[in-house]
Amino acid sequence: MDGWVARWTWKGRKRVRLTAFDVGAWRVGDSPRLKDGAGRIDFLRDQMRNGLVHESMDSLVAFLYARRAAMEADAWRGYVADVLLRHPIRELLHRDPLTSRAFAKPQGYAGDATSIDMIYTMKYAAGVVDTIGDAAFRYNVDSPSARSIRNCRRRLAALIDETVRERSDARVLALGAGHLREIELMRTLGTAFVGEIVAVEQDEDALAVIEYAYAARGVRKLYVPTGRLLAGNHGLSGFDLVYAATMFNHLAQPSAATLCEQMFAMLNPGGRMLVANFVPDIADAGYLESYMAWQRIYRDEREMRTLIDGIPREQVADADLAFDGARNMIYLLVERQGAEELAESRQERLRERRIACRNELLRRITRRA
């Protein structure tokens, strides 16, 4: 129904229908405060103060999603600045260490490596966080975006492992590496791996963490600003896997396409590159862009495909698009032509996976019968 965000509330642990008086706080009426949604946010602020943080966050995220979807980009930015960030609920939300760090941008951008670590571990650094802040943090590290970020970490580790199993001397390059936490999930590192992992970052604090945590594991750090990557002034080549998990969320289409071309040029014959990007209209986009000030550039399937338009087709052995399980993030995997034996090995593994999936399906059908 138009003008509604929720018709239920909580009293203790009981879910009850809103009274006629409560409903008035949610319905769009003649009052300017109701029309701009501030009355609804008043209600959610009071609910948070009463200890209903999770329920209030659910309603707030849904409300912000709907507002953002109904507005043009300029109108949405104005609404964030003029209404949302001036509302007293901001103080409650910024008690959450993740929300406050993203908004403050201590490294100059939201979603820095420390913020991503919070999402990976679902923990914040020692400090004074009250009950409301802790509950908001728990909610946000289990948001759709956060779950997809953790899933991306697992996908990266699995892809590196696959590359190392194919070649024990493989060379792997991580662009915009953050703290490179995916290598902690690797199963091949420290076994038969005699290759090299290179972590490229323009955040020198992140590179310092990588050196402290992973230099003993053979990881090499490299400071390269994004501008140098785009200009081709980097001297990087001869890699079997090149990936960028976060960079493309912050690059406009022309720059993103240029970086794709640069990544492809860094590959050995038979090498692969992976690009990850959030898709449009994820459920928590409104909250991220307002109270976290975490702006992203989202891409759909068509926009991801056009990123490789500048790569000569005869040099591409394969290109594939895939979504994560929640369809919040999309992955572009491109393989460079060459290394026929390697390509045959990959095709054989793919056939084996398909056979295993078919056999598992048949077993399930048999058990049900």
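To start, this report covers the structure provided alongside it.

Rules of the game
- Residues numbered from 1 in each chain as written.
- Predicted model: local features only at pLDDT ≥ 70, side-chain atom pairs only at ≥ 80, totals over all residues.
- Heavy atoms only, no water.
- Helix = DSSP H or I, 4+ residues; strand = E, 2+ residues; numbered from the N terminus.
- 1 Å grid on protein atoms, 1.4 Å probe; cavity = no way out; pocket = protein on both sides within 12 Å on 5 of 7 lines; lining within 4 Å.
- Points joined across faces, edges and corners; volume = space filled by probe spheres on them.
- Buried < 20%, exposed > 50% of the residue type's maximum accessible area, 1.4 Å probe, protein only.
- Pairing = 2+ DSSP bridges.
- Right-handed = clockwise from strand over helix to strand, strands pointing away.

### Here's the deal with unusual backbone geometry
Positive phi values are uncommon outside glycine, yet Met-122 reaches one of about 60°. Tracing the chain through its elements places Met-122 in the loop between helix H8 (113-121) and helix H9 (131-140). The phi angle at Asp-281 is positive, at roughly 65°, despite the residue not being glycine. Structurally, Asp-281 can be placed in the loop between strand E7 (267-278) and helix H14 (285-290).

### Some points on empty space enclosed by the protein
For the structure on display, the rule yields three cavities of 30 Å³ or more. In this structure, the second largest cavity encloses a volume near 60 Å³. In terms of lining, the second largest cavity is formed by Leu-98, Ile-119, Asn-140, Ser-143, Ser-145, Ala-146, Ile-149, Asp-284, Leu-288, Met-292, Trp-294 and Arg-296. Ranked by residues supplied to the lining of the second largest cavity, first place goes to helix H10 (residues 144-166) with three residues.

### Remarks on the pairing of strand E4 (residues 196-201)
Counting buried positions along E4 gives six out of six residues, so the element sits mostly inside the fold. Of the two faces of E4, the one carrying Glu-196, Val-198 and Val-200 and the one carrying Ile-197, Ala-199 and Glu-201 are both buried. Pairing of strand E3 (residues 171-175) with E4, which is carried by five bridges, proceeds in the parallel orientation. Bridge pairing in E4 links Ala-174 to Ala-199. Traced from E4 through helix H11 (residues 204-214) to strand E5 (residues 219-223), the parallel crossover comes out right-handed.

Everything listed here is a matter of geometry and, on its own, says nothing about what the molecule does.
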